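Close look at the chain arrangement
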Amino acid sequence: HQPLINRRYANTFIEMADNLDPSLRNIIEQDSLNWIFVGGKGGVGKTTTSCCLSVQLAKVRPNVLIVSTDPAHNLSDAFGQKFGKEPMKVN
C-alpha cells in the first residue's frame, strides 16, 4: 500500500523547501526546527557537523541535546570530555 498524501500539503512543503537557503544561518534561525538528523557513510563528517551545529544552536537556544549512536565515542574526542549514558553539559 502507498501512503495517502495530502497533495496540497506536499506541494506547500516542497515550495517552502525550495525557498530555503541551504545555509547554517537558515538552520539557526528556524524557530520551528526541533530535530536535526545527521547521517551518512563513515568518514563524511557526521560528528564534526553535529558538534558544530550543536555549538551554534546553543548560542541562540536555551537547550540543545546532541545524541550519538556511534560506538566509537567520537563526541568525547570532539568536545574533549568524557560522556556516558546519562545526559551531561558540555564544558
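Everything here concerns the structure above.
Here the residue numbers are simple positions, counted from 1 along each chain's written sequence. Under the rules for a predicted model, residues below a pLDDT of 70 receive no local features and side-chain atom pairs below 80 are neither given nor counted, while totals for whole chains, interfaces and linings still include all residues. Note: side-chain values were computed over all heavy atoms of the structure, leaving out hydrogens and water.

1. Observations regarding the overall build of the protein
The test is simple: The secondary structure listing takes helices from DSSP runs of H or I that are at least 4 residues long and strands from runs of E that are at least 2 residues long, numbered from the N terminus. The classification of residues rests on relative accessible area computed with a 1.4 Å probe and restricted to protein chains. Under 20% of the type maximum is buried, over 50% is exposed, and intermediate values are partly exposed. Residue contacts are counted whenever heavy atoms from the two residues lie within 4.5 Å of one another. For the area figures, the Shrake-Rupley method with a 1.4 Å probe applies, and any residue is considered shielded solely by the protein chains shown.
Helix and strand counts for the protein stand at 4 helices and 0 strands. N-terminal to C-terminal, the α/β element order of the protein is α-α-α-α. Residues classed as buried in the protein amount to 12% of the 91 residues present. Considering only intrachain contacts with a sequence separation of at least 6, the fraction spanning at least 24 residues in the protein is 37%. When the accessible area of the protein is evaluated, it comes to approximately 8400 Å², of which 55% is carbon and sulfur surface.

2. Some points on the environment of S54
Here S54 lies in helix α3 (residues 46-58). Among the residues examined, S54 registers a relative accessible area of 10% and is labelled buried. Separated by 26 residues in sequence, S54 and I28 have C-alpha atoms that sit 9.8 Å apart. With residues near it in sequence (within four places) discarded, S54 still touches V64, I66 and F79.

3. Comments concerning α3
Just so we agree on the cut-off: Expected helix span is given by 1.5 Å per residue-to-residue step, counting one fewer step than there are residues. Taking the helix axis as origin, the arc is that swept by the directions to the C-beta atoms.
Helix length check: α3 (13 residues) gives 18 Å between terminal C-alpha atoms against 18 Å at 1.5 Å per residue, within 8%. Inspection of α3 places S50, C51, L53, S54 and L57 among the buried residues, and these make up the whole buried set. Summarising the axial view, the buried residues of α3 lie within an arc of 165 degrees, below the 170-degree limit, and thus occupy one face. In this fold, the buried residues of α3 make contact with α2 (24-29) and α4 (74-79).

4. Things to note about the environment of V64
Topologically, V64 is positioned in the loop between α3 and α4. For V64, a relative accessible area of 34% gives the class partly exposed. Apart from the residues within four sequence positions on either side, V64 is in contact with S54, L57 and A58.

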